[in-house]
Amino acid sequence: MSASVNSQQLIKENHLKLVFSLIHEVDGISRADIKKLTKMSATTVSALVEELIGKGLVVESGIKSANTSGRKAISLSVNPSGGYFAVATVSGNHFRLCLFDLSFNEIFSKKMRYDSSQPISDLLVDFLKENVTVENHGELLGITLGVPAIIDSEKNVVSSTVLNIIPGDNFYKAVCESFPDSRVAICNNSALSAYAEMEFGEIDAENLISVDISDGVGASAIVGGAPFLGSAGMACEFGHVSVDMNGKRCRCGSRGCIETLVSVPAILEKASEICSGEITASDLVRVASKSSDLTLYIDKVCNTLAFGINNLINIFDPEAVVISGDILILGESFISKLQTAISKLSLPGRKVTVEASTLGDNAEFKGGAKYIFDCLFK
């Protein structure tokens, strides 16, 4: 194939992505609207739209109202059932999968425990093969993997304090080889939560920090409306910011990492010690309401977290900080105390909104679906 043919094909693919993206973003857009926005010819727009309709990605959705006489424009819409995305996350002992249609509606979800002594990639591929097929929703367009780990620019999982990673176990490569017809992406799960907040969250901010606290502690920064990844994709490893140089040894090798102090497993371990009996996540708030010692400890967790987040604020200067993950079991009062603690630490004149995510435990999944969509169509 000649270079000119390759170039023409690339231009066509980019135009196709642009048209589909506009139809997705602008409700009821017409061919004429697309022509005005893109400056393409009417013939080109018509051909691209017909190709998208032929692929089942777009449908004609009605006649567009107009104040002028003459031929009425036909509205175009994305066909939700024209294709779907899979988002799978890996925790220390289970996989979770959510499938989304082209309108980002969840159409399937499943959670499964796995044996962490075995290679994760083999188990993950088997889990995906068993569960990603959805009838009457078109083609599986893409798969996003969310992993609580440091991922380099070559898409290798470099390290994780949550997962038992066997050397040479390459999640990304295994999934790519098993699903050659689908686009695959791999991201830190905190980055996916941040992406979801940027795209679907209630806070309208070009610069925000998303802090995700569950089995581990992660964070991701959105700077100028885009994820800040750093030179090798390893930016914002908040869980391994040390807040106590003489503190407990972390699995990363350092001491006093914030993950050793405010992750949910760390909180439950200390709570069980204080109460001289096992405390589960579902018990935590109820038991704390009856134990002044446990209440004081949770307040200490809040202040430690505020100290760490204030460091992020001083570095990135965000408009907002959004908290997500299992830490939200501590309730609205915890977030309120966190806001107060951060405001006391803030530099004069700085005001940053601190809120709990409104996306629930679906944030990283919706973020993963939108991320792979953007990889494909933007």
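These notes cover the structure that comes with them.

### So, the nonpolar core
Here comes step 1: Core analysis: the biggest nonpolar cluster contains 39 residues, and Val211 and Ile309 have the highest contact counts within it.
Here comes step 2: Counting residues per element, the ones that place at least two in this core are strand E10 (208-213), strand E11 (217-223), helix H8 (264-275), helix H9 (284-288), helix H10 (292-316), strand E13 (320-324) and helix H11 (332-345).
Here comes step 3: Per-element accounting of this core gives the leading share, 10 residues, to H10.
Here comes step 4: Once residues within four sequence positions are removed from consideration, valine 211 is found in contact with Gly218, Ala219, Phe238, Ile309, Leu312, Val321, Val322, Ile323 and Ser324.
Here comes step 5: Counting 32 residues, the second largest nonpolar core, distinct from the first, contains Tyr84, Val147, Tyr172 and Val184.

### Some words on the pairing of strand E9 (residues 183-188)
Moving residue by residue along a regular strand, the side chains alternate between the two faces of the sheet.
Here comes step 1: By the criterion of burial, E9 is predominantly enclosed, with 5 of the 6 residues buried.
Here comes step 2: Of the pairings in the sheet, the one linking strand E6 (residues 139-147) to E9 comprises 6 bridges and is parallel in character. Across the sheet, residue glycine 142 finds its bridge partner in E9, namely arginine 183.

### Re the environment of asparagine 105
Here comes step 1: Position of asparagine 105 among the secondary structure elements: in the loop between strand E4 (94-101) and strand E5 (106-113).
Here comes step 2: Relative accessible area serves as the criterion here: at 40%, asparagine 105 is assigned to the partly exposed category.
Here comes step 3: Those residues in contact with asparagine 105, other than ones at most four positions away along the chain, are Leu99 and Phe100.

### A look at the packing of H8 against H10
Two numbers describe a pair of packed helices, the interaxial angle and the distance between the axes.
Here comes step 1: Look at H8 against H10: their axes get within 10 Å of each other, and the N-to-C directions meet at 155 degrees. When the axis of H8 is compared with that of H10, the two are roughly antiparallel. Between H8 and H10 lies a crossing of right-handed hand. Here H8 contributes Ala266, Ile267, Lys270, Ala271, Ile274 and Cys275 to the contact with H10, which in turn contributes Asp293, Leu294, Tyr297 and Val301.
Here comes step 2: Residues that form the contact of H8 with H10 fall into these classes: 8 nonpolar, no polar and 2 charged.

### A short note on the sheet that holds E11
Here comes step 1: Taken together, the 5 strands give an open sheet; going across it, the order is E12-E11-E10-E13-E14, and neighbouring strands pair in mixed fashion. The sheet is open, and its two edges are formed by strand E12 (226-227) and strand E14 (353-356), each paired on a single side.
Here comes step 2: Bridge count for E10 against E11 is 6 bridges, and the pairing is antiparallel. Following the sheet pairing, isoleucine 213 is matched in E11 by valine 217.
Here comes step 3: Along the sheet, helix H6 (residues 189-200) contacts E10, E11, E12 and E13; its crossing angle with E10, the most-contacted strand, is approximately 130 degrees.
Here comes step 4: Sheet contacts for H10: E10, E11 and E13; angle to E10, the most-contacted strand, approximately 150 degrees.

### Examining the sheet that holds E4
What links the strands of a sheet is backbone hydrogen bonding, and the strands pair in either a parallel or an antiparallel sense.
Here comes step 1: Within the open sheet, the 5 strands sit side by side as E5-E4-E3-E6-E9. Their pairing is mixed. Because the sheet does not close on itself, it has two edges, and the strands there are E5 and E9. Within this sheet the neighbouring strands show an average axis-to-axis angle of 15 degrees, counted without direction.
Here comes step 2: Note: strand E3 (residues 83-90) against E4, 7 bridges, orientation antiparallel. Paired with tyrosine 84 across the bridge in E4 is aspartate 101.
Here comes step 3: In this fold helix H4 (residues 120-131) packs onto E3, E4, E5 and E6, with an angle of close to 40 degrees to the strand it touches most, E4.
Here comes step 4: Packed onto the sheet, H6 meets E6 and E9 and runs at close to 100 degrees relative to E9.

### Quick word on the packing of H4 against helix H5 (residues 171-178)
Here comes step 1: Remark: H4 packs on H5, axes separated minimally by 9 Å, with the N-to-C direction vectors making an angle of 35 degrees. As for the relative orientation of H4 and H5, their crossing is right-handed in sense. Together, Ile120, Ser121, Leu124, Val125, Leu128 and Lys129 of H4 and Phe171, Ala174, Val175 and Ser178 of H5 make up the contact between the two elements.
Here comes step 2: Looking at the contact of H4 with H5, its residues break down into 7 nonpolar, 2 polar and 1 charged.

About the cut-offs
Residues numbered from 1 in each chain as written. Predicted model: local features only at pLDDT ≥ 70, side-chain atom pairs only at ≥ 80, totals over all residues. Heavy atoms only, no water. Core = buried A, V, L, I, M, F, W, Y, C linked by side-chain atoms within 4.5 Å. Buried < 20%, exposed > 50% of the residue type's maximum accessible area, 1.4 Å probe, protein only. Helix = DSSP H or I, 4+ residues; strand = E, 2+ residues; numbered from the N terminus. Contact = heavy atoms within 4.5 Å. Pairing = 2+ DSSP bridges. Axes fitted to C-alpha atoms, helices over the stretch in contact; angles between N-to-C directions. Parallel < 35°, antiparallel > 145°, perpendicular 65-115°, else oblique. Left-handed = near helix turned anticlockwise from the far one by under 90°. Nonpolar A, V, L, I, M, F, W, Y, C, P; charged D, E, K, R; others polar.

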